[in-house]
Amino acid sequence: NVKEEEYPNANDYDKNLHGLNGWLAFLGFSIILSALISIILNGRNYWPLITNINLIIPAYKIWIGLEFTMIVILVAIQLYLLYLYFNKKKRFILMFKIYLAYYLLFLITDQFLIVPMVGSKPNILSMLRPVTYVVIWSFYIFNSKQVKHTFLYE
């Protein structure tokens, strides 16, 4: 339980807003789901590539390596976010902002560098759902009193 004295401005603190409930519970669920999807889908897609790496054209190995590295970083950030989220760490807010920016960078890199390398055309429409996710959660993280009242711990 948090004490009012731990909140930066004790006069502003509302203990009813502290906790991982409401929209914050939905945010936590979305991070868990995103991490699971990242691990399962990318594991399924990359396992055949890794086991047959000697059959891949050398120029593609660089791009596959880049994308794989970006995916590993994405999953690492998602797992770290879960740790910060469930421990209500103050750093969660900053890391979530970094995650959203990295996620957009990842999508853009994937659509405009990796996809053309394998002979496909970028699909801007496929970016609509993730960009909507980023916009909605950015507004929530930046403006929510519940976020400010929940993530207090160092």
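A few points on the structure. Here the structure is a predicted model, which is why all the values come from computation and not from measurement.

Next up on the list: the overall build of the protein chain. A count of helices and strands for the protein chain gives five helices and zero strands. Walking the protein chain from its N terminus toward its C terminus, one meets helices and strands in the order α-α-α-α-α. In the protein chain, buried positions account for 38% of the 154 residues. Long-range contacts, defined here as pairs at least 24 residues apart, represent 73% of the contacts in the protein chain between residues at least 6 apart.

All right, on to the side chain of S38 then. Note on placement: S38 falls in helix α1 (residues 23-51). With relative accessibility at 10%, the residue S38 sits in the buried group. At 3.3 Å, the side chain of S38 forms a polar contact with the side chain of Q78. Those residues in contact with S38 that lie beyond four places of it in its chain are G43, L74, V75 and Q78.

The terminal C-alpha atoms of helix α3 (residues 91-117) lie 37 Å apart, and with 27 residues this matches the ideal 39 Å at 1.5 Å per residue to within 8%. At D110, α3 shows its largest bend, some 35°.

Attention now moves to the nonpolar core. L27, F92, F96 and Y133 are the most contacted members of the largest nonpolar core, which totals 34 residues. Mapped by element, the contributors of at least two residues to this core are α1, α2 (58-86), α3 and α4 (128-143). Residues contacting F96, with those up to four places away along its chain left out, are L27, I31, L81, Y133, W137 and I141.

Each aromatic ring pair is described using two quantities: the centre-to-centre distance and the angle formed by the ring planes. Throughout the structure, instances matching the rule amount to twelve aromatic pairs. Here the aromatic rings of W23 and F26 are separated by 5.9 Å at their centres, their planes lie at 85°, and the arrangement is edge-to-face. With W23 and F26 both in helix α1, this residue pair falls three residues apart, about one helical turn. We classify W23 as exposed; its relative accessible area is 57%.

Think of an α-helix as 3.6 residues a turn; residues three or four steps apart then line up on the same face. In this model α4 runs 23 Å from its N-terminal to its C-terminal C-alpha over 16 residues, within 8% of the 22 Å that 1.5 Å per residue would give. Among the residues of α4, those classed as buried are P130, Y133, V134, W137, S138, Y140 and I141. Buried residues along α4 sit against α1, α3 and α5 (145-150).

Here the focus is the packing of α3 against α4. Where α3 contacts α4, the two axes come as close as 10 Å, and the packing angle between them is 160°. Relative to α4, the element α3 lies roughly antiparallel. Considering only the axes of α3 and α4, their crossing is left-handed. Taken together, the residues of α4 that come into contact with α3 (itself represented by F92, I93, F96, K97, Y99, L100, Y103, L104 and L107) are P130, V131, Y133, V134, W137, S138, I141 and F142. Of the residues assigned to the contact of α3 with α4, the class counts are 15 nonpolar, one polar and one charged.

About the cut-offs
Residues numbered from 1 in each chain as written. Predicted model: local features only at pLDDT ≥ 70, side-chain atom pairs only at ≥ 80, totals over all residues. Heavy atoms only, no water. Helix = DSSP H or I, 4+ residues; strand = E, 2+ residues; numbered from the N terminus. Buried < 20%, exposed > 50% of the residue type's maximum accessible area, 1.4 Å probe, protein only. Contact = heavy atoms within 4.5 Å. Polar contact = N/O pair within 3.5 Å; in protein donor to acceptor, adjacent residues only side chain to side chain. Expected span 1.5 Å × (residues − 1). Bend = angle between axes of the 7 residues up to and from the residue. Core = buried A, V, L, I, M, F, W, Y, C linked by side-chain atoms within 4.5 Å. Phe/Tyr/Trp six-rings, centres within 6.5 Å; stacked < 30°, edge-to-face > 60°. Axes fitted to C-alpha atoms, helices over the stretch in contact; angles between N-to-C directions. Parallel < 35°, antiparallel > 145°, perpendicular 65-115°, else oblique. Left-handed = near helix turned anticlockwise from the far one by under 90°. Nonpolar A, V, L, I, M, F, W, Y, C, P; charged D, E, K, R; others polar.

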